[in-house]
Amino acid sequence: MLINEAPGVSLNITDLQVEISDAPDKPIISIKPSGEIMEGDSVNLTCSSESNPPVHNYSWFKVNETSSVGSGQTYSISNFNSGHIGWFYCEAQNEVGSQRSAAVSLNGNVAQNSVLYVVVGVSVGCGGFIFILIIVFVWKCKHRADDISQSQVNSNNRILHSRNKTAQTVDLGIFKK
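These remarks concern the structure in this document. (Residues numbered from 1 in each chain as written. Predicted model: local features only at pLDDT ≥ 70, side-chain atom pairs only at ≥ 80, totals over all residues. Heavy atoms only, no water.)

Moving on: unusual backbone geometry. With an omega dihedral of 5°, the bond running from Lys32 to Pro33 counts as a cis peptide bond. With omega at 5°, the peptide bond leading from Asn52 into Pro53 counts as cis. In this structure, Pro53 sits in the loop between strand S4 (43–48) and strand S5 (57–62). In this structure, Asn64 takes a positive phi of about 75° despite not being glycine. By the secondary structure assignment, Asn64 is in the loop between S5 and strand S6 (70–71). With a relative accessible area of 79%, Asn64 lands in the exposed category. (Helix = DSSP H or I, 4+ residues; strand = E, 2+ residues; numbered from the N terminus. Buried < 20%, exposed > 50% of the residue type's maximum accessible area, 1.4 Å probe, protein only.)

Okay, here's the thing in structure tokens:
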């Protein structure tokens, strides 16, 4: 390329390369699986960032913890449990600088499942206890009714028996005279 800036002065540029280096763009975290996370699931957090030169180091952090929890572009959790619940972020670094992502929440259904198990357990336990109380109540009522009927029969028999004795006594008294 020939550039004439002033009379008698020319500048001949044959090969010009401009290289711009920059720190990583703000990283973005993707979570897989993207749906509901359950206890025991495998979870992958992937950190992505564009930069020139390319990112050469990814670090993973859990909010409120002092040291990193992992390194590499993907942070993998093989058996998700309540200890993994929290906020995570990544940091992308190259020769020029570093950039931190926004924090993402891993909150799965570990705690909710535990609460659900407790609620179901208590409900089944209480339901079983109430069922037993009803059975005992019905049994007691039935036997009490049988006892009352038997008592009435016994009372009637005593009345009849005592009437018969009176009648016999009266009758015997009449015959003696």
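There's plenty left to go through after this.
Here the structure, examined in full by the defined rule, presents three aromatic pairs. Plain terms: the ring middles of Phe61 and Tyr89 are 5.2 Å apart, the flat faces sit at 15° to each other, and that makes the pair stacked. Highlighted residues: Phe61 in strand S5 and Tyr89 in strand S8 (residues 86–93), separated in sequence by 28 residues. As far as the burial class goes, Phe61 and Tyr89 line up, both buried. An aromatic cluster of three or more residues is present, and its members are Trp60, Tyr75 and Phe88. Cation over ring: Arg100 sits above Tyr89, and NZ or CZ is 3.7 Å from the ring centre. (Phe/Tyr/Trp six-rings, centres within 6.5 Å; stacked < 30°, edge-to-face > 60°. Lys NZ or Arg CZ within 6 Å of the ring centre and 35° of its normal.)

Moving on to the environment of Glu19. Among the secondary structure elements, Glu19 is positioned in the loop between strand S2 (9–12) and strand S3 (28–32). A sequence separation of 34 residues divides Glu19 from Pro53, and the C-alpha atoms of the two residues are 9.9 Å apart.

Before going further, it helps to examine the state of the cysteines. If you walk through the whole model with that rule in mind, you get one disulfide. At a sulfur-sulfur separation of 2.0 Å, the disulfide partner of Cys47 is Cys90. On the S-S bond that ties Cys47 to Cys90, the torsion sits near 65°, and the link is right-handed. Here Cys47 is found in strand S4, whereas its partner Cys90 is found in strand S8, with 43 residues between them in sequence. (Disulfide = S-S within 2.5 Å.)

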